[in-house]
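Residues per chain are reported as follows:
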Amino acid sequence: MIRRFLWLAGLTVLVGCAADKDLDEPFEPIGEFRLGHNIVVADNAKFVPPSRRASEEEWETAMKKAIDRRFSRFQGDQLYHIAISVEGYSIAVPGVPIVLSPKSVMIIGATVWDDAAGGKINQKPKQITVLERLSGETVVGSGLTQSKAEQIENLANNAARLVEKWMRSNPEWFVRKEGAQSAATASSKSWRPPES
């Protein structure tokens with residue numbers, strides 16, 4: 001039994017490491033996508049106990065960093081804006097290893113905006129449930145092994161990865177558009193999402 005558990009724990013570590021490597025590996029473009037604005041709001045995030053509390057600023061800072069790190073790699077010729085709303089979260093608290101090892105989770109809403117068209121591509125935000133990545137530290141519960149900041153970073157990075165996966169499942173959004181201004185010459189500095 002113990003040998004089996006150690007094997008599973010080792011496998012989990014490998015899975016966790018592999019998940020972190022994708023940003024350093026060669027990647028396929030997402031059509032003509034290039035990141036314009038990176039907008040994150042967390043003012044209405046619902047806190048679901050039992051959980052560590054996190055501020056609006058902590059969520060917004062972590063999510064902006066994760067989105068920027070993942071999507072700044074893409075150098076397509078058309079600008080798109082990503083808007084994320086953090087809708088709810090539960091950050092794992094210390095529990096009893098193996099018997100009770102709570103996992104961290106967050107729910108986000110994601111919207112992609114087409115700069116050239118000046119509007120949303122998906123009219124209704126895509127709701128994504130984000131779980132913490134499995135690793136040697138989270139297998140026994142991240143509440144025991146990670147600080148709150150590490151847990152938030154873990155969730156934010158996984159959220160950005162899932163947003164990319166969702167965008168890749170809609171390649172028609174990012175095809176070259178006739179007459180669209182090049183991202184190299186477009187100015188989106190004054191762009192702001194209209195009030196919904």
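Below you will find a few notes about this structure. Treat the numbers as computed from the prediction; the structure is a model and nothing was measured.

## Looking at the overall build of the chain
Turning to step 1, where the next piece is worked out: The number of helices and strands found in the chain is four helices and six strands.
Turning to step 2, where the next piece is worked out: Secondary structure of the chain in N-to-C order comes out as α-β-β-α-β-β-β-β-α-α.
Turning to step 3, where the next piece is worked out: The proportion of buried residues among the 196 residues of the chain is 42%.
Turning to step 4, where the next piece is worked out: Look at the contacts in the chain between residues 6 or more apart in sequence, and 78% of them connect residues 24 or more apart.
Turning to step 5, where the next piece is worked out: Accessible area for the chain stands at about 11,100 Å²; split by element, carbon and sulfur atoms hold 57% of it.

## Focus on the nonpolar core
Turning to step 1, where the next piece is worked out: Judged by nonpolar contacts, the single largest core of 36 residues is most densely connected at Phe33, Trp59, Phe71, Met106 and Met167.
Turning to step 2, where the next piece is worked out: Elements with a contribution of two residues or more to this core: strand 1 (33-41), helix 2 (56-71), strand 3 (78-90), strand 4 (105-114), strand 6 (126-131) and helix 4 (148-168).
Turning to step 3, where the next piece is worked out: A per-element tally of this core places helix 4 first, with nine residues.
Turning to step 4, where the next piece is worked out: Among residues more than four places away in sequence, those in contact with tryptophan 59 are Ala42, Ala54, Val86, Tyr89, Ile91, Met106, Ile152 and Leu155.

## Remarks on the pattern of salt bridges
Side-chain pairs of opposite charge can arise whenever the charged atoms involved come near each other.
Turning to step 1, where the next piece is worked out: Scanning the entire structure with this criterion turns up eight salt bridges.
Turning to step 2, where the next piece is worked out: Glutamate 164 is paired through a salt bridge with arginine 70; the nearest N and O atoms lie 2.6 Å apart. Note that glutamate 164 is positioned in helix 4 and arginine 70 in helix 2, a separation of 94 residues in sequence.
Turning to step 3, where the next piece is worked out: Residue classification places glutamate 164 among the buried residues on the basis of a relative accessible area of 8%.
Turning to step 4, where the next piece is worked out: A salt bridge links aspartate 114 to lysine 177, with the nearest nitrogen and oxygen atoms 3.5 Å apart. Pair noted here: aspartate 114 is in strand 4 and lysine 177 is in the segment after helix 4, with a separation of 63 residues, a long-range link.
Turning to step 5, where the next piece is worked out: With a relative accessible area of 7%, aspartate 114 lands in the buried category.
Turning to step 6, where the next piece is worked out: On the basis of relative accessibility, which here comes to 27%, the residue lysine 177 falls in the partly exposed class.
Turning to step 7, where the next piece is worked out: Taken together, the shared-partner salt bridges connect Asp22, Arg70, Arg73, Glu164 and Arg168 into one network.

## Describing the pairing of strand 4
Within a regular strand, side chains alternate between the sheet's two faces.
Turning to step 1, where the next piece is worked out: By the criterion of burial, strand 4 is predominantly enclosed, with eight of the ten residues buried.
Turning to step 2, where the next piece is worked out: Note: strand 3 against strand 4, ten bridges, orientation antiparallel. Each bridged residue has a counterpart across the sheet, and for glycine 88 the counterpart in strand 4 is isoleucine 107.
Turning to step 3, where the next piece is worked out: The sheet contact formed by strand 4 and strand 6 spans six bridges and is antiparallel.

## Quick notes on unusual backbone geometry
Apart from glycine, the bulk of residues carry a negative phi angle, and the bulk of peptide bonds sit in the trans form.
Turning to step 1, where the next piece is worked out: The amide bond that connects proline 49 to the next residue, proline 50, takes the cis arrangement and shows omega of 0°.
Turning to step 2, where the next piece is worked out: Mapped onto the fold, proline 50 is located in the loop between strand 2 (46-47) and helix 2.

## Some words on the side chain of glutamine 78
Turning to step 1, where the next piece is worked out: Topologically, glutamine 78 is positioned in strand 3.
Turning to step 2, where the next piece is worked out: Classification of glutamine 78 as buried rests on a relative accessible area of 6%.
Turning to step 3, where the next piece is worked out: A polar side-chain atom of glutamine 78 sits 3.2 Å from the main-chain carbonyl oxygen of valine 175.

So, how was this worked out
Residues numbered from 1 in each chain as written. Predicted model: local features only at pLDDT ≥ 70, side-chain atom pairs only at ≥ 80, totals over all residues. Heavy atoms only, no water. Helix = DSSP H or I, 4+ residues; strand = E, 2+ residues; numbered from the N terminus. Buried < 20%, exposed > 50% of the residue type's maximum accessible area, 1.4 Å probe, protein only. Contact = heavy atoms within 4.5 Å. Areas by Shrake-Rupley, 256 points an atom, 1.4 Å probe, with all protein chains shown as cover. Core = buried A, V, L, I, M, F, W, Y, C linked by side-chain atoms within 4.5 Å. Salt bridge = Lys/Arg side-chain N within 4 Å of Asp/Glu carboxyl O. Pairing = 2+ DSSP bridges. Polar contact = N/O pair within 3.5 Å; in protein donor to acceptor, adjacent residues only side chain to side chain.

Function cannot be read off these values alone, since they describe shape.
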